[in-house]
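Structural features, examined
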Amino acid sequence: MNTPGAAYESFLALHHADAPLLLPNAWDPGTAKLFAFLGFSAVATTSAGHAATLGRLDGHVKLDELLDHATALADATEVPLNVDFENGFADDPAAVATNVTRVVATGAGGCSIEDFGRSSGTLYEREHAAARVEAAAEAAHGSGPRIVLTARAENFIRGNPDVADTIARLQAYQEAGADVLYAPALQSLDDIRTVVRAVDLPVNVLAIPGVAPVAELAAVGVKRISVGGGFNRVALGATVDAAREFLERGTYEFWKVAGSAAGVGDAFR
C-alpha cells in the first residue's frame, strides 16, 4: 500500500539507475500484485487494459473511474505505481492541474500526460501542450505530496511520425518541468537514439514489435521501457484461443498454457 507522496523519491530514482526501468502495465489489482511478485520494481496502469475490463474501448473511461482504479492498484502493492492519465481529462491547463492533484491523492508514484485532445481528435499546438505540462508539473511537484510527471508526445501513435516535431515537443515539455519524457511508438533505434541525445531527462520507450531488445535500448541511453496494453492483449489473446478451442473443438488443450501460472497464487497471499 502506498500513501500519497511516499513513492515519489523511490520511483524517480528508478529512472536514474544504470539499467533501464522495466515497467509492466497492469489492468487490475491482481495483475499489479503479480508483476510485483515476479520482481518488477514498479508497475503502471494501462488505459486500454483498464477500459477492456469495463467492456469499453480505450479513451472511454471516466475520470472518477480512473482515479478509483489508480487507488486500488496503488493499494495493491508496495512498489511505485505510474498512472496512465491519458490527456489529464481536460484541455485547459488549470483543469489538468486540478486533475493531477487528484492523482497525487491516490498514492501513485507518478502519472503521464498526453498532448492529444480526445474531444478534438488532434494534437494540441505545441505552446498549449507545453502550458498543460507546466500546469501538471506544478501540481505534481507542489508543496504537499509529490509524484513523478511523464510528458508524452503522441505524434507517432497518432499518425504523424515527425521526429523533428517530436523532439521539439519533448524539449518544450522538459523546459515545462516534466521528470520523464515519452514518445510512444518510436520504433527505429536510430530515431530513439536521436531523441535520447536531444533531451536531458530520462526517456521511456514503448516495447512494441520491431523495437530493439532491452540491451540495445539501454546502450543508446533509454531509461524506462513500458509495455502499454501489451500484456493485457497477450492475456486476451490466450483467452480467445482457449475459448475458441472449447467452443469449436470441444477439447481442453488450453490447460497447457495455464501451466505457466503455477505458483502465482503466492502473489495474492
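Structure report, in brief. (Residues numbered from 1 in each chain as written. Predicted model: local features only at pLDDT ≥ 70, side-chain atom pairs only at ≥ 80, totals over all residues. Heavy atoms only, no water.)

1. Some remarks on the overall build of the chain
Regarding its fold elements, the chain presents 11 helices and 11 strands. Over its C-alpha atoms the chain spans a radius of gyration of 18 Å, differing by no more than 12% from the 18 Å that the globule rule assigns to 269 residues. By its C-alpha atoms, the chain is 60 × 40 × 40 Å across when sized along the principal axes. Among the 269 residues that make up the chain, the fraction classed as buried is 47%. (Helix = DSSP H or I, 4+ residues; strand = E, 2+ residues; numbered from the N terminus. Rg over C-alpha atoms; globule rule 2.2 N^0.38 Å. Buried < 20%, exposed > 50% of the residue type's maximum accessible area, 1.4 Å probe, protein only.)

2. Some details on unusual backbone geometry
The backbone of Glu86 sits at a positive phi, close to 50°, despite the residue not being glycine. The topology assignment puts Glu86 in the loop between strand S4 (81-84) and helix H5 (93-104). What makes Glu86 buried here is its relative accessible area of 3%. For Ala185, which is not glycine, the phi dihedral falls at a positive 80°. Relative to the helices and strands, Ala185 is located in the loop between strand S9 (180-182) and helix H8 (189-198). Taking the relative accessible area as the measure of exposure, Ala185 reaches 18% and is therefore buried.

3. Some words on the pattern of salt bridges
Inspection of the entire model under this criterion finds 14 salt bridges. Across the pair Glu65 and Arg56 runs a salt bridge whose closest N-O atoms are separated by 2.7 Å. For Glu65, a relative accessible area of 25% translates into the label partly exposed. With a closest N to O distance of 3.5 Å, Glu154 and Arg158 form a salt bridge. Using a relative accessible area of 33% as the deciding quantity, one classes Arg158 as partly exposed. (Salt bridge = Lys/Arg side-chain N within 4 Å of Asp/Glu carboxyl O.)

4. Some points on helix H2 (residues 29-38)
The set of residues buried in H2 consists of Thr31, Ala32, Leu34 and Phe35. Along the long axis of H2, the arc covered by the buried residues comes to 160°, so they all point the same way. Summarising the contacts, the buried residues of H2 are in contact with strand S2 (25-26), strand S3 (43-45), helix H4 (63-76) and helix H10 (230-249). Gly39, located one to two residues past H2, shows a positive phi value of around 115°. (Arc of directions from axis to C-beta. Contact = heavy atoms within 4.5 Å.)

5. Here we look at the nonpolar core
With 62 residues, the main nonpolar core has Val83, Phe85, Val100 and Tyr173 as its most contacted residues. Apart from the residues within four sequence positions on either side, Tyr173 is in contact with Asp115, Ala129, Ala130, Val133, Ala151, Arg152, Ala153, Ala178 and Leu181. Ranked by size, the runner-up nonpolar core spans nine residues in total, among them Leu12, Leu21, Ala42 and Ala44. (Core = buried A, V, L, I, M, F, W, Y, C linked by side-chain atoms within 4.5 Å.)

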